[in-house]
Amino acid sequence: MAPDAYHRRTAITRLEDLSSEDERLLLETIDEWRDACNLASDLSWQVCDSKSDVQDIAYDPIRDETELGGQHAVLACHKAASAVKSCHEKRNSGRKANKPRFTSRSVTFDTRSMTVSHDREQVSLTTLGDHSRVRADLALPDAADGYQYEFLNSDEWEYTESTLHYRDENWYLHLGFRKPKADEFESTTENGTVLGVDLGVNQIAVTSTARFFGAAELNHRRREFAKTRTGLQGAGTQSAHRTLERRRGNERRYVRHVLHTVANGIVEEALEHECDGIVFEDLEEIRTRLPDAEWHSDWAFRTLTEYVEYRAEIEEIFVETVEPRNTSKQCAECGFTTNSNRTGNTFKCQSCGNQNHADYNAAKNIAQRYLRRGQQSSRRRGVSQYALKSGSRTPS
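The structure presented is a predicted model; accordingly, all values stated were derived computationally and were not measured.

About the criteria used
- Residues numbered from 1 in each chain as written.
- Predicted model: local features only at pLDDT ≥ 70, side-chain atom pairs only at ≥ 80, totals over all residues.
- Heavy atoms only, no water.
- Helix = DSSP H or I, 4+ residues; strand = E, 2+ residues; numbered from the N terminus.
- Expected span 1.5 Å × (residues − 1).
- Buried < 20%, exposed > 50% of the residue type's maximum accessible area, 1.4 Å probe, protein only.
- Arc of directions from axis to C-beta.
- Contact = heavy atoms within 4.5 Å.
- Pairing = 2+ DSSP bridges.
- Axes fitted to C-alpha atoms, helices over the stretch in contact; angles between N-to-C directions.
- Core = buried A, V, L, I, M, F, W, Y, C linked by side-chain atoms within 4.5 Å.
- Patch = residues over 30% accessible without salt bridge, like charges linked within 9 Å, V, L, I, M, F, W, Y side chains within 5 Å.
- Areas by Shrake-Rupley, 256 points an atom, 1.4 Å probe, with all protein chains shown as cover.
- Salt bridge = Lys/Arg side-chain N within 4 Å of Asp/Glu carboxyl O.
- Phe/Tyr/Trp six-rings, centres within 6.5 Å; stacked < 30°, edge-to-face > 60°.
- Lys NZ or Arg CZ within 6 Å of the ring centre and 35° of its normal.

A. Geometry of helix α1 (residues 20–44). Along its 25 residues, α1 runs 36 Å from first to last C-alpha, staying within 8% of the 36 Å computed at 1.5 Å per residue. Just downstream of α1, Q46 is the residue with a positive phi angle, here 60 degrees.

Next up, the structure:
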């Protein structure tokens with residue numbers, strides 16, 4: 001099956017009761033894994049980026065120069081290939097991208113290098129070589145309704161590639177699970193509804209139903225992280241460098257938590273208004289269009305939309321994008337478009353006098369643009385209106 005033929009989920013737990021010898025083996029495996037990924041990156045950079053091609057040129061050198069077993073050598077090739085491909089795509093589109101370097105204390109496992117014992121709540125991990133293994137208990141909730149059990153005790157979900165992270169002297173296992181998707185869902189209603197979503201500067205997102213997800217707290221926290229980073233970088237000590245790495249990890253986890261919360265809120269809004277689809281503006285060149293958004297980056301915008309797609313898929317809600325040109329300058333009521341319609345967060349149409357929050361106006365334009373372009377009929381989705389704060393509207 002193709003990778004997109006599966007629903008995918010992650011259950012996070014810790015490893016318990018590791019001996020000092022087990023920890024030594026895992027730390028050495030991580031060191032060898034990072035060396036292998038960096039070696040594969042060096043060999044494939046500006047040469048190739050498909051998993052099979054990177055494996056062809058890097059597998060033997062990895063086996064010769066590291067102590068990894070065969071399956072971990074394959075996984076390292078695939079990890080490097082994904083990173084190199086992403087950088088190649090950025091460079092081909094005119095953006096700057098340096099050769100990937102792997103520094104995090106983590107390592108990937110799959111079904112050949114990891115075994116999960118559901119009944120005993122244990123995991124067995126291959127370390128150096130093909131036969132050295134570490135066995136550890138999984139730290140699972142005492143309550144039987146812990147979310148991890150939804151996957152561990154299910155016959156529908158099977159475990160797949162997972163990642164072991166070492167941070168703050170703890171071992172965190174991000175267990176990957178998957179199950180086949182059902183046949184692609186299609187909304188065949190005659191009067192289906194979409195939810196428009198605008199990604200903004202001072203707002204992370206605003207929906208056509210006037211739900212605002214503010215960025216003030218996120219911006220504040222990121223400024224605090226930035227101050228801390230500046231101080232630590234100025235110190236230049238090894239201790240400061242270690243603290244800096246931990247703080248970077250903390251910041252990334254915090255941002256992911258916020259984006260998860262916003263994504264869940266967007267899907268909840270779509271469910272509340274019985275929407276068949278969620279529509280964003282296309283993310284191409286979004287950093288150029290929103291240079292003043294403190295919270296944003298290519299990674300943050302794309303991660304947010306990926307989280308929405310992930311959650312919407314479960315609810316059988318489709319996610320689409322539209323051309324973003326002039327969505328912030330066009331009046332959602334009369335269609336008049338001019339730069340002077342928008343001043344900061346305020347939108348005031350110079351033709352009909354319609355006045356509203358600029359991002360809310362843009363969210364309505366995004367939804368209308370999807371409906372007007374007629375693509376929904378070619379996909380047999382049958383949507384003809386978009387959700388508003390009160391009711392819905394069919395564009396004239």
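So much for the structure itself; the text now carries on.
B. Representation of helix α5 (residues 216–235) in the model. Helix length check: α5, at 20 residues, gives a terminal C-alpha distance of 29 Å against a target of 28 Å (1.5 Å per residue), a fit within 8%. For α5, the set of buried residues is L218, N219, F225 and L232. When α5 is viewed along its axis, its buried side chains cluster within an angular range of 145 degrees and face the same direction. In α5, the exposed positions that point more than 90 degrees away from the buried face belong to A216, K227, T230 and G234. Tucked into the core, α5 has its buried residues touching β9 (203–207) and α6 (238–272). Directly after α5, the chain includes G236, whose backbone phi takes a positive value near 75 degrees.

C. Region of the structure containing the sheet that holds strand β15 (residues 355–357). Here we have three strands laid out as an open sheet, ordered β13-β14-β15, and antiparallel in their pairing. Either end of the sheet is taken by a strand with one partner, and the two such strands are β13 (342–343) and β15. Against the sheet, helix α9 (residues 358–372) makes contact with β13, β14 (346–348) and β15, and its axis sits at roughly 95 degrees relative to β15, the strand it touches most.

D. Region of the structure containing the nonpolar core. Core analysis: the biggest nonpolar cluster contains 44 residues, and L15, I62, M114, V123 and L164 have the highest contact counts within it. Excluding residues that lie within four positions of it along the chain, V123 makes contacts with L15, M114, T115, V116, V134, R135, A136, L138 and L173.

E. Looking closely at a nonpolar patch on the surface. The grouping of L43, V47 and I57 at the surface amounts to a nonpolar patch, some 240 Å² of accessible area in total. With respect to the helices and strands, I57 occurs in helix α2 (residues 51–65). For I57, a relative accessible area of 34% puts it in the partly exposed group.

F. Region of the structure containing the packing of aromatic side chains. Under the definition given, this model contains four aromatic pairs. Here the aromatic rings of F151 and W157 are separated by 5.1 Å at their centres, their planes lie at 85 degrees, and the arrangement is edge-to-face. Taken individually, F151 and W157 each receive the classification buried, so the pair is uniform in this respect. Between the aromatic rings of F151 and F177, the centroid separation amounts to 5.5 Å while the plane-to-plane angle is 20 degrees, which identifies the pairing as stacked. With a gap of 26 residues between them, F151 in helix α4 (residues 147–152) and F177 in strand β7 (residues 170–180) connect regions that are remote in the sequence. Owing to a relative accessible area of 6%, F151 belongs among the buried residues under this scheme. A connected cluster of aromatic rings, assembled from ring pairs, spans F151, W157 and F177. Lying over the aromatic face of Y310, R9 brings its terminal NZ or CZ to 4.2 Å of the ring centre. The ring centre of Y360 lies 4.6 Å from the NZ or CZ of K364, which sits over that ring.

G. Region of interest: the pattern of salt bridges. Applying the stated criterion across every chain yields a total of 12 salt bridges. Residue E28 is joined to R24 by a salt bridge in which the shortest nitrogen-to-oxygen separation is 2.7 Å. Of this pair, E28 and R24 both sit in helix α1, four residues apart, roughly one helical turn. By relative accessible area, which is 31% here, E28 ends up partly exposed. On the basis of relative accessible area, R24 is assigned to the partly exposed category, the value being 34%. Salt-bridge contacts for R211 lead to E269; the nearest nitrogen and oxygen are separated by 3.4 Å. Taken as a pair, R211 in the loop between β9 and β10 (212–214) and E269 in helix α6 lie far apart in primary sequence, 58 residues in all. By relative accessible area, R211 is classed as partly exposed at 29%. By relative accessible area, which is 7% here, E269 ends up buried. Here the salt bridges share partners, and the residues they tie into one network are E21, R24 and E28.

Remember, this is a structural readout, not a statement about activity or role.
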